[in-house]
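Chain by chain, the residues:
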Amino acid sequence: MPAAMYREDNVVQVALKPSPSLVYNNLCALESGLAYVHTRSGASIPAIPQQDSDKVTVKRIDTQGHSLVHSVRSCNVEGSCLLALGNEAGLQVWDQAGVNLLYFWNLPKGEPPSTYHADFVRGISFNVSQDGHTQLCAGCSNGDIQVFSVGAGGLLKSVTCLKHHKCTITALGSSYQSRRGIWSDDLGCELVSCDDQGNICVWEATSADKYTCLRIIEGGVPCSSLAVRKGFIIAGRTDGCVRIYRLVSPDSGHCSLLQMLSATLIHQRQSLASRREMAHYTVRLSLTAVGYLPWTYTQTGMSLQQQQKTAR
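Residues numbered from 1 in each chain as written. Predicted model: local features only at pLDDT ≥ 70, side-chain atom pairs only at ≥ 80, totals over all residues. Heavy atoms only, no water.

Regarding the overall build of the protein chain
- A count of helices and strands for the protein chain gives two helices and 22 strands.
- Buried residues in the protein chain amount to 56% of all 312 residues.
- With an accessible surface of roughly 13900 Å², the protein chain has 49% of that area assigned to carbon and sulfur atoms. (Helix = DSSP H or I, 4+ residues; strand = E, 2+ residues; numbered from the N terminus. Buried < 20%, exposed > 50% of the residue type's maximum accessible area, 1.4 Å probe, protein only. Areas by Shrake-Rupley, 256 points an atom, 1.4 Å probe, with all protein chains shown as cover.)

Structure, rendered in structure tokens:
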């Protein structure tokens, strides 16, 4: 299978005002557009431009405060697209247009307060349990992961708190989040989390309020973004390395090098692995740069060794 080469002439670069903040989890896909983080607010683009000359309309999302925004995620839940923002005040859930604030959760202040940073929510992922309950998981600066059940109209209820990480959560991911709510028989109910020390934890949601830790991948560079698909974890680390791990089976992970990665979006339906032993695969990654529309880097049908050579 021939490799699909990345072509810079296919990249659309459009200056954004306001510009994306260079933080972890700073970008997510909407039904037809994008949402991103800008300092103390969110911002959305209703439609992705197809060429440089296209006019871009950016709508700011008023987070109703002066707290720095650390994460943004969206997902389709029961026919509605929900937009979740994590900041120093807590967790906010909006409708896709960013007009109506549907839910707000105040982040409990640490006792004693941290001497290194303000408390904040960072790392957000929607997930589904084995019994079919949709959940929203939010990472916290103290290492906790708050789990909320998601009801009709974006109504949330706190159901449990996951405790394993001993330091700040950097990113969360799940197959349900990667598919943005599109159901499939092989969807899975695993949640993946990473902390500031680079430790990755794989959780299984057996019910609406019960999670079990299945696997721990210890140490390394922190993950700025996580994605999950069909038994694989795509971990974008802060040193520019994109590692692909098996979800449950122990392995050391395969690595590809990029210059910088702050958010990872994979295709909702296309397979991540199409040949045995990950010899060939399809992966879609989104790279972001301050002041420019995030651009998509796509590699299809390349072996891991080929991709490493190309990335260098």
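Describing the pattern of salt bridges
- Tallied over the full model, the rule gives one salt bridge.
- A salt bridge links Asp144 to Lys163; its shortest N-O distance comes to 2.9 Å. Here Lys163 lies in the loop between strand S12 (156–162) and strand S13 (169–174) and Asp144 lies in the loop between strand S10 (134–140) and strand S11 (145–150), a separation of 19 residues in the sequence. (Salt bridge = Lys/Arg side-chain N within 4 Å of Asp/Glu carboxyl O.)

Things to note about the sheet that holds strand S15 (residues 200–207)
- Spatially, the four strands line up as an open sheet ordered S13-S14-S15-S16, and their pairing is antiparallel. Strands at the two margins of the open sheet, each flanked by one partner only, are S13 and strand S16 (210–217). Ignoring which end each strand starts from, the neighbouring axes of this sheet average 25 degrees apart.
- In terms of strand pairing, strand S14 (residues 190–195) meets S15 through five bridges, oriented antiparallel. Considered in S15, the bridge of Glu190 is made with Glu204. (Pairing = 2+ DSSP bridges. Axes fitted to C-alpha atoms, helices over the stretch in contact; angles between N-to-C directions.)

Here's the deal with unusual backbone geometry
- You will see that Glu78, though not glycine, has its phi angle at about 50 degrees, which is positive.
- With respect to the helices and strands, the residue Glu78 is situated in the loop between strand S5 (69–77) and strand S6 (80–87).
- A relative accessible area of 63% means that Glu78 is categorised as exposed.

Examining the environment of Val159
- Of note, Val159 is situated in strand S12.
- C-alpha separation for the pair Val159 and Gln146, spaced 13 residues apart in sequence, amounts to 8.1 Å.
- Excluding residues that lie within four positions of it along the chain, Val159 makes contacts with Val147, Phe148, Ser149, Ala208 and Asp209. (Contact = heavy atoms within 4.5 Å.)

A short note on the pairing of S12
- Note: S11 against S12, six bridges, orientation antiparallel. For Val147, the partnering residue across the bridge sits in S12 and is Thr160.
- Between the antiparallel neighbours S11 and S12 lie five residues, among them Gly153 with a positive phi of about 75 degrees.

Structural notes on the sheet that holds strand S7 (residues 90–95)
- What the four strands build is an open sheet, ordered S5-S6-S7-S8; its pairing is antiparallel. Here the strands that pair on one side only, and so sit at the sheet edges, are S5 and strand S8 (101–106). Averaged over neighbouring strand pairs, the angle between their axes works out to 15 degrees when direction is ignored.
- Both S7 and S8 contribute to a ladder of five bridges, which runs antiparallel. Bridging across to S8, Trp94 finds its partner in Leu101.

Observations concerning the packing of aromatic side chains
- Inspection of every chain in the model, using the stated rule, returns two aromatic pairs.
- Ring centres 6.0 Å apart and planes at 70 degrees place the aromatic pair Tyr103 and Phe148 in the edge-to-face group. Taken together, the positions of Tyr103 in strand S8 and Phe148 in strand S11 put the pair 45 residues apart, joining distant regions of the chain.
- We classify Tyr103 as buried; its relative accessible area is 17%.
- Classification of Phe148 as buried rests on a relative accessible area of 0%.
- Aromatic side chains Trp105 and Phe148 sit 5.4 Å apart centroid to centroid with 70 degrees between the ring planes, which places their arrangement in the edge-to-face category. Of this pair, Trp105 sits in strand S8 while Phe148 sits in strand S11, placing them 43 residues apart in sequence. Here Trp105 and Phe148 have matching classes, each one buried.
- An aromatic cluster is built from Tyr103, Trp105 and Phe148, whose rings are joined through pairwise contacts. (Phe/Tyr/Trp six-rings, centres within 6.5 Å; stacked < 30°, edge-to-face > 60°.)

Examining the environment of Gln146
- Following the sequence through the fold, Gln146 ends up in strand S11.
- Here Gln146 falls in the buried class, since its relative accessible area comes to 12%.
- The sequence separation of Gln146 and Leu136 amounts to ten residues, and the corresponding C-alpha distance is 8.2 Å.
- Discounting residues that sit within four places of it in the chain, Gln146 has contacts with Trp105, Leu136, Cys137, Ala138, Cys140, Ser158, Thr160 and Cys161.

Remember that the coordinates give geometry; whether it matters functionally is a separate question.
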